[in-house]
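Below, each chain spelled out in residue letters.
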Amino acid sequence: GKAITIDGVPPTMEKGIAYEICYGYYVGSMIEPPPGEVAFLIQDGEGEDTVLQELVLIGDGSQVEASSPTFKSVVFTAYGIGDNFESAIHCHGEGSPVFEDCIFYTYMGNIWDEGIKNSDGVTTRIESCTFWSGDAFFYRGISNSNCSVTINNCDINGMGTAIYNYGSNSTINN
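Chains are numbered independently. Their residues run from 1 in the order of the written sequence. Only residues with pLDDT of at least 70 get local features here, since the model is predicted, and only at 80 or more are side-chain atom pairs given and counted; chain-wide, interface and lining totals rely on the full set of residues. Excluding hydrogens and water, the side-chain values take into account all heavy atoms of the structure.

A. Highlighting the overall build of the chain. Per the secondary structure count, the chain includes 0 helices and 19 strands. Within the chain, buried positions represent 43% of all 174 residues. Any two residues having at least one pair of non-hydrogen atoms within 4.5 Å are treated as being in contact. Sequence-distant contacts in the chain: of pairs separated by 6 or more residues, those separated by 24 or more amount to 62%. All accessible-area figures derive from a Shrake-Rupley calculation using a 1.4 Å probe, and residue coverage is judged against the displayed protein chains alone. Split by element, the accessible area of the chain, about 8300 Å² in all, is 50% carbon and sulfur. Strands are runs of DSSP state E lasting at least two residues, helices are runs of H or I lasting at least four, and both sets are numbered from the N terminus onward. Buried, partly exposed and exposed residues are distinguished by accessible area as a fraction of the type maximum, computed with a 1.4 Å probe on protein chains only: under 20%, between the cut-offs, and over 50%, respectively.

Structure representation (structure tokens):
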């Protein structure tokens, strides 16, 4: 529940990609990770004053559980290898995460890939983000199940469904 700020280095033409990279458990491995092994996990009721910015998160997605962090200019990358469903990040529980100027990228042929999955009562705000899928058979840029989501000025690319809603209240602008 304590506020933290994790700040990487913004990418520039001289440096290339951001310096701060967090790897998940099984990137490049063909084995199934143990439960909870993700690139980044926020689960202790952190609030909006917990900020992650200018990072690249690579792995079995990341998770936000019953917390309300703010993500700014973060690249979320899921290389789903062992499962039929893969999300770059999964937000669930009674939290209110915010995503601003982020990139959600999924790749490597899962049957279903999702840029961001929102479920189980979460209230998510997504602002000026880009969603992209490499080669998933079905792709959902934003997948919402029993939650509330506000989406403003986002760009969703790749094949499949841009936004999937099931039992959810979504507001979409631009």
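B. The packing of aromatic side chains, seen in detail. Any two rings among Phe, Tyr and Trp, with Trp reduced to its six-membered ring, count as a pair given centres within 6.5 Å; such a pair is stacked if its planes are under 30 degrees apart, edge-to-face if over 60, and tilted if neither. If you walk through the whole model with that rule in mind, you get 7 aromatic pairs. Ring geometry for phenylalanine 71 and phenylalanine 99: centres 4.8 Å apart, planes at 5°, overall stacked. Here phenylalanine 71 is found in strand S7 (residues 70-72), whereas its partner phenylalanine 99 is found in strand S10 (residues 98-100), with 28 residues between them in sequence. Accessibility classification places phenylalanine 71 together with phenylalanine 99 in one group, the buried group. Between phenylalanine 76 and phenylalanine 104, the aromatic rings sit 4.9 Å apart at their centres with planes inclined by 5°, giving stacked as the arrangement. Placement of the pair is phenylalanine 76 in strand S8 (residues 75-78) and phenylalanine 104 in strand S11 (residues 103-106), with a sequence separation of 28 residues. Side by side, phenylalanine 76 and phenylalanine 104 carry an identical accessibility label, which is buried. Aromatic rings pair up to connect Phe71, Phe76, Phe99, Phe104 and Phe131 into one cluster.

C. The arrangement of the nonpolar core in detail. Grouping buried Ala, Val, Leu, Ile, Met, Phe, Trp, Tyr and Cys residues that are joined through side-chain atoms within 4.5 Å yields what is termed a nonpolar core. Counting residues in hydrophobic clusters, the biggest one holds 27 residues, and the most contacted among them are Phe71, Phe76, Phe99, Phe104 and Ile126. Every element with two or more residues in this core is listed here: S8, strand S9 (85-92), strand S15 (138-145) and strand S16 (148-152). At 3 residues, the largest contribution of residues to this core is made by S9. Apart from residues no more than four positions distant in its own chain, phenylalanine 76 is found in contact with Leu57, Ser62, Phe71, Ala88, Ile89, Phe99, Cys102, Ile103, Phe104 and Tyr105.

D. Summary view of the sheet that holds S7. In spatial order, the strands read S1-S4-S7-S10-S13-S16-S19; together these 7 strands make up an open sheet with parallel pairing. Each edge of the sheet is formed by a strand with only one pairing partner; in this case those strands are strand S1 (5-7) and strand S19 (169-173). Strand after strand, the sheet turns through a mean of 10° between neighbouring axes, direction not considered. Any two strands between which DSSP finds at least two bridges are classified as paired. As judged from the 5 bridges shared by strand S13 (residues 123-127) and S16, these two strands associate in the parallel manner. Bridged to arginine 125 within S16 is threonine 150. Helix axes are fitted to C-alpha atoms over the stretch in contact, other axes to C-alpha atoms as well, and angles between N-to-C directions run from 0 to 180 degrees.

E. Region of the structure containing the environment of threonine 50. Looking at where threonine 50 falls in the secondary structure, it is placed in the loop between strand S3 (41-42) and strand S4 (51-53). A C-alpha to C-alpha distance of 8.6 Å links threonine 50 and phenylalanine 71, two positions 21 residues apart in sequence. Ignoring anything within four residues of it in the chain, the contact list for threonine 50 reads Lys2, Ala3, Ile4, Pro69 and Thr70. Under the rule applied, a polar contact is a pair of N or O atoms within 3.5 Å (in protein, one hydrogen donor and one hydrogen acceptor; residues adjacent in sequence only if both atoms are side-chain atoms). Reaching out from threonine 50, the side chain makes a polar contact with the backbone nitrogen of isoleucine 4 at a distance of 3.4 Å.

F. Quick look at the side chain of serine 68. Examined against the element boundaries, serine 68 turns out to sit in the loop between strand S6 (62-65) and S7. A distance of 2.8 Å separates a polar side-chain atom of serine 68 from the backbone nitrogen of serine 96.

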